[in-house]
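Tertiary structure, described
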Amino acid sequence: MKLIASFLIAAALVAPALSQANEPAKVAKADVAKGEASFNGVCMACHGAGGNSSTPAYPKLAGQHADYIVKQLQEFKSGKRPNGVMTGMAAVLSDDDMKNVGAYLAAQKPSAGVAKDATTVTLGERIYRGGIAERQVPACAGCHAPNGVGIPAQYPRLAGQHAEYTLSQLTAFREYANKGAGTPIVGRPNSAQMAGVTAKMNDRELRAVAD
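Since the structure is predicted, the reported quantities are computational estimates derived from the model, not experimental observations.

Secondary-structure assignment places glutamate 205 in helix H10 (residues 203-210). Those residues in contact with glutamate 205, other than ones at most four positions away along the chain, are Ile127, Ile132, Arg135 and Lys200.

A few words now on the nonpolar core. Note on soluble globular proteins: their nonpolar side chains tend to be buried together. Ile127, Ile132, Val137, Leu170, Met201 and Val209 are the most contacted members of the largest nonpolar core, which has 15 residues in total. Within the residue set of this core, elements represented by two or more residues are helix H6 (118-130), helix H8 (163-177), helix H9 (192-198) and H10. Leaving out residues up to four positions away in the same chain, valine 209 has contacts with Gly124, Ile127, Cys140, Leu170 and Met201. The next biggest cluster of nonpolar side chains, apart from the first, holds 14 residues, and it includes Ile69, Ala90, Leu93 and Leu105.

Once that is clear, we can look at the confidence of the model for the protein. With 87% of its residues at a pLDDT of 70 or more, the protein has an overall mean of 89. Looking at the elements of the protein, mean pLDDT is at its lowest for helix H1 (residues 2-22), recorded as 48, and at its highest for helix H5 (residues 95-106), recorded as 98. In the model, residues 1-19 has pLDDT below 50 throughout and makes 0 contacts with residues more than four positions away in sequence or in other chains.

To continue, consider H8. Relative to the 21 Å expected for 15 residues at 1.5 Å per residue, H8 spans 21 Å between its end C-alpha atoms, a close match to the ideal helical length. For H8, the complete set of buried residues consists of Ala163, Tyr165, Thr166, Gln169, Leu170, Ala172, Phe173 and Arg174. Against the buried residues of H8 lie H9 and H10.

What follows concerns the packing of aromatic side chains. Both the distance between ring centres and the angle between the ring planes are used here to describe each pair of aromatic rings. This structure, assessed with the given rule, holds 1 aromatic pair. Ring centres of phenylalanine 39 and tyrosine 104 lie 5.6 Å apart, and the angle between their planes is 45°; on these two criteria the pair is classed as tilted. On the criterion of sequence distance, the pair formed by phenylalanine 39 in helix H2 (residues 32-47) and tyrosine 104 in helix H5 is long-range, its members being 65 residues apart. The same class applies to phenylalanine 39 and to tyrosine 104, which are both buried.

Tallied over the entire structure, the rule returns 5 salt bridges. The partner of glutamate 75 in a salt bridge is lysine 80, with the nearest N and O atoms 3.7 Å apart. Between arginine 174 and aspartate 203 there is a salt bridge, with its nearest N and O atoms 2.4 Å apart. With arginine 174 in helix H8 and aspartate 203 in helix H10, this residue pair connects regions lying 29 residues apart in the sequence. On the accessibility criterion, arginine 174 (15% relative accessible area) is buried. Because the salt bridges share partners, they merge into one network encompassing Lys71, Glu75 and Lys80.

Rules used throughout
Residues numbered from 1 in each chain as written. Predicted model: local features only at pLDDT ≥ 70, side-chain atom pairs only at ≥ 80, totals over all residues. Heavy atoms only, no water. Helix = DSSP H or I, 4+ residues; strand = E, 2+ residues; numbered from the N terminus. Contact = heavy atoms within 4.5 Å. Core = buried A, V, L, I, M, F, W, Y, C linked by side-chain atoms within 4.5 Å. Buried < 20%, exposed > 50% of the residue type's maximum accessible area, 1.4 Å probe, protein only. pLDDT = per-residue confidence, 0-100. Expected span 1.5 Å × (residues − 1). Phe/Tyr/Trp six-rings, centres within 6.5 Å; stacked < 30°, edge-to-face > 60°. Salt bridge = Lys/Arg side-chain N within 4 Å of Asp/Glu carboxyl O.

Rendered as structure tokens:
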């Protein structure tokens, strides 16, 4: 009887531990207020109040998907996405800081963008919505949505972004795609998918899509 009792006591002690071990780990919820404080202290000077940059060289971040923001900050920090300025900025952010900043920016309302060249808009819309069939260039809308808002956790929001910034990134993807084997990394190397798409497009087409 004593042996059975010992087994019962041991089972009672082990059961809660096994139950806790099988529970999924709790993920800390992003803190929007802390994200705002971090953004205002580190990022606002370039990316503007609320993430609405007024300078074409710096992207608008307002309304961008939180997961995309986190991914890019992590890749700036790790060097997967080389950038002399952003690597240093991201270096001081913890993973929690990045989640908080992402949550804050996702909650902001993006300002509207303005096309700079009306003559390119029709071509850009045609490529964005239908791709370039003869070169197997897929429609941008397939990943970034017909209205450019993207798909959360997968593809970034593009609607309203500065055309100049969008063009610089498309060009950087293509530059990386066209680099020779064994040469130093150039352009933007953190999306094989975008490198493959832009490699098939000429300057006029990239400008049109951006606008």
